[in-house]
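Topology and contacts: notes
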Amino acid sequence: MADTSRAPAERAAPVIAVRGATKHYGAVRAVDGVDLEVAPGELFGLIGRNGAGKSTLFKMMLGLIPASAGDIRIDGSPVTGSGFRAVRRKIGYLPENVVLYDNLTGLETLEFFARLKGAPASECGPALDRVGLAHAARRRVREYSKGMRQRLGFAQALLGRPRILFLDEPTTGLDPEAIREFYVILRGLKADGVTMILTSHILAEIQERVDRLAIMAAGKIQAVGTVQELREQMDLPLWFRVRLAHEDFHHVRAVLGGLPILAIEAREDHVAVECQRESKMVVMQALASLGDKVLDLHVHEPSLEDVFFGFSD
Amino acid sequence: MEIRQIATLAGKEFWDRIRNRWVLAVALVFTVFALVIAYFGGAQQGTVGFRSIEFTIASLVSLVIYLVPLIALVLGFDAIVGERERGSLDLLLSMPITRFELLLGKYLGLAAALAFSTIAGFGLVAVVLSAQLDLTALFHFFGFMLSSVLLGLAFLSLAVMVSTFAADRTRASGMAIALWFFFVLVFDLLLLGGLVVTGGKYGGEIFPYLLLLNPADVFRILNIFGLDDVRTLYGLATVFPRALAEPWLLGLVMAAWIAAPLGVAAWRFRR
């Protein structure tokens, strides 16, 4: 198995370095011996179902919850150390289900957090504009929809030009259009070299957008790597969906007979062939040798969803 | 410790209370009650109208002793636990602030709101009565206002302490009410009961010192000993040693009542 705990081609000191992080609540191990490294400028995804321990791990990485055991460093500083205040100035955090102050307007909310972060008040207006809330700047947060609150929370996280962003379920409550805009902003931040870690349980949404991801279940990191690496680690079988010109099922079976395939069966209008990843090319060549007997050919790679549920179960 | 961060947090708390008209409401309550007491406080004796500043202050002390601790406890009991329960605490703590700065900022902001409404409420009364007050009387009234503020700050400190211990707002409100009952209603009864049960044989000498264990009693003593006429109205003068009744000493005790619960709160909230 490839060593995927390190970012590919990155040798710089990790911005986020977690070693053996553990958090128990009584007998419950919410986070259980987690090792994780995120390289500078990386966009890292943390995937897991609700209750997998993602948010607890996030809070530990931000120094909000003390670890029962282990060592967590952000930008080289231990999160429990007195020097962490300086690191906090570089951090933007969007909590899961962000709660802001109902009695403040959107602009006042940002001005409050900007003062705490030492960011100039002049950043607040543009920040609202960036998340599409300029029109609601002077409305009280009480009147905001869930999606608007989420966007305001994101604007808050962007104040002070953070170098490290922690985004916990950042797209909750956003409509598809807003989700797209959100990832456009993330791409811009990535181009500026911002290191980002985000959690999600919507796999389809992040699998094409993150550099690497970790799958978390029952407080443990089950696997880390790129989407491709995870698929390979899982060694899930893949499927060929072959449409034939004639009722040539027996012929196909005969051609593939000697090959390392797992299953072959005739379906309504096609033949389904299942094989291991390492046999993929052999099977493909055999199918190609059938020439014009094959009308169409689809390869079904396991989705990240399959990988995820494979690990989590 | 960064003063700027504390000021930002305190400023938010203070302006929140101004905007939701909490300060205005409390100031009005103080003004109305004080005026009613000043003009109708003697109705039981068959007289109506302002009698004397001593009489007015003595009546106001009884009112303030009930009202100010209650208002202070209600103001502060959810300072921390409220943020925690709403879910806004994590975001605050992820800011470049320390937990102590958050606690102190919240306390100072709430304290400013409480002090402002107390001074505005009773200050308005002083303005209304000013035609009938000479300089000495005004000085006494000023002392009364100041000690009311200190009393409020002491109970606010207790409230903030409660807000760091309670697991949720409901429990915090229960603890705050229990504190009010204990200090305002039960404490003096316990002391008196103790004196009576022992026939006054034990505790007679430490009795005055025990009174210092209750900020409400410290407030009472502060005001009553400032006024010669009032002192004789209360039996206290006979049991309370003159040496202990120095305003600066009692002021120090009040300061300790403000600092100690805050210290406990900071210890509790440090993790």
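In case you missed it, the structure is sitting above this.
The text that follows walks through the structure, step by step, so that each part is easy to find. Predicted model, so just to flag it, every value in this text is computed and none were measured.

Residue and element names in this part refer to chain B. Two numbers describe how helix 6 (residues 99–129) lies on helix 13 (residues 247–269): the axes approach to 9 Å, and their chain directions differ by 145°. Like other packed secondary-structure pairs, helix 6 and helix 13 cross with a definite hand, here right-handed. Facing Arg99, Phe100, Leu102, Leu103, Leu104 and Tyr107 of helix 6, the residues of helix 13 in contact are Ile258, Leu262, Ala265, Ala266 and Phe269. By residue class, the composition of the contact of helix 6 with helix 13 is 10 nonpolar, no polar and one charged.

Residue and element names in this part refer to chain B. Mapped onto the fold, Leu67 is located in helix 3 (residues 53–76). Of the residues examined, Leu67 reaches a relative accessible area of 17% and is grouped as buried. Between the alpha carbons of Leu67 and Trp180 there is a distance of 10.0 Å; along the sequence they are 113 residues apart. Residues within four places of Leu67 in sequence aside, it is in contact with Val29, Phe30 and Phe33.

All names here are of chain A. Strand 13 (residues 271–275) sits mainly inside the fold: five of its five residues count as buried. Burial along strand 13 is two-sided: the residues Val271, Val273 and Cys275 and Ala272 and Glu274 are all buried. Note that strand 11 (residues 238–244) and strand 13 share five bridges and pair antiparallel. Looking across to strand 13, one finds that Leu238 is bridged to Cys275. Pairing between strand 12 (residues 261–266) and strand 13: five bridges, direction antiparallel.

For the rest of this paragraph, the subject is the interface of chain A and chain B. Across the contact, 22 residues belong to chain A and 23 residues belong to chain B. Summed over both sides, the interface between chain A and chain B buries roughly 2200 Å², with carbon and sulfur atoms accounting for 59% of that surface. At the junction of chain A with chain B, the criterion picks out five salt bridges. Of the charged contacts, one joins Glu2(B) and Arg85(A) as a salt bridge, the two residues approaching to 3.6 Å between their closest N and O atoms. For the side of chain A that touches chain B, the leading source of residues is helix 3 (residues 106–117) of chain A, giving six residues. Residues that form the side of chain A that touches chain B fall into these classes: 11 nonpolar, three polar and eight charged.

Another aspect to go through is the pattern of salt bridges. Residues and elements named next belong to chain B. Under the defined criterion, the tally for this structure stands at 29 salt bridges over all chains. Across the pair Glu13 and Arg17 runs a salt bridge whose closest N-O atoms are separated by 3.2 Å. With Glu13 and Arg17 both in helix 1 (residues 3–19) and four residues apart, the pair spans about one turn of that helix. A relative accessible area of 6% means that Glu13 is categorised as buried. It is possible to trace a salt-bridge network through shared partners that takes in Glu13, Arg17, Glu83, Arg86 and Lys106.

Moving on, we come to the sheet that holds strand 9 (residues 212–217) of chain A. Sheet strands associate in pairs through backbone hydrogen bonding, adopting either a parallel or an antiparallel arrangement. All names here are of chain A. Spatial ordering of the open sheet is given by 6-7-8-3-9-10, a layout of six strands whose pairing is mixed. The sheet is open, and its two edges are formed by strand 6 (91–94) and strand 10 (220–225), each paired on a single side. Mean inter-strand twist for the sheet, computed between neighbouring axes without regard to direction, equals 15°. The strands that helix 8 (residues 227–234) touches are strand 9 and strand 10; relative to strand 10, the one it contacts most, it runs at about 115°.

Glancing now at helix 5 (residues 146–158) of chain A. Over its 13 residues, helix 5 of chain A runs 19 Å from end to end, which matches the ideal 18 Å to within 8%, given 1.5 Å per residue. Of all 13 residues that make up helix 5 of chain A, 10 are buried, and the element is covered over most of its length. Buried within helix 5 of chain A we find Gly147(A), Met148(A), Gln150(A), Leu152(A), Gly153(A), Phe154(A), Ala155(A), Gln156(A), Ala157(A) and Leu158(A). Along its buried surface, helix 5 of chain A packs onto strand 6, helix 3, helix 4 (124–130), strand 7 (164–167) and helix 6 (176–191) of chain A together with helix 5 (89–93) of chain B. Trailing helix 5 of chain A by a residue or two, Gly160(A) shows a phi angle of about 80°, which is positive.

Residues and elements named next belong to chain B. Packing of helix 1 against helix 6 brings their axes to within 7 Å, and their N-to-C directions diverge by 40°. Between helix 1 and helix 6, the crossing angle belongs to the class labelled oblique. As for the relative orientation of helix 1 and helix 6, their crossing is right-handed in sense. In this structure, helix 1 contributes Gln5, Ile6, Leu9, Ala10, Glu13, Phe14, Arg17 and Ile18 to the contact, and helix 6 contributes Glu101, Leu102, Leu104, Gly105, Lys106, Leu108, Gly109, Leu110, Ala112, Ala113 and Phe116. Residues belonging to the contact of helix 1 with helix 6 are distributed by class as follows: 12 nonpolar, three polar and four charged.

The rules behind each value
Residues numbered from 1 in each chain as written. Chains lettered and ligands numbered in written order. Predicted model: local features only at pLDDT ≥ 70, side-chain atom pairs only at ≥ 80, totals over all residues. Heavy atoms only, no water. Axes fitted to C-alpha atoms, helices over the stretch in contact; angles between N-to-C directions. Helix = DSSP H or I, 4+ residues; strand = E, 2+ residues; numbered from the N terminus. Left-handed = near helix turned anticlockwise from the far one by under 90°. Contact = heavy atoms within 4.5 Å. Nonpolar A, V, L, I, M, F, W, Y, C, P; charged D, E, K, R; others polar. Buried < 20%, exposed > 50% of the residue type's maximum accessible area, 1.4 Å probe, protein only. Pairing = 2+ DSSP bridges. Buried area = accessible area lost by both parts, 1.4 Å probe. Salt bridge = Lys/Arg side-chain N within 4 Å of Asp/Glu carboxyl O. Expected span 1.5 Å × (residues − 1). Parallel < 35°, antiparallel > 145°, perpendicular 65-115°, else oblique.

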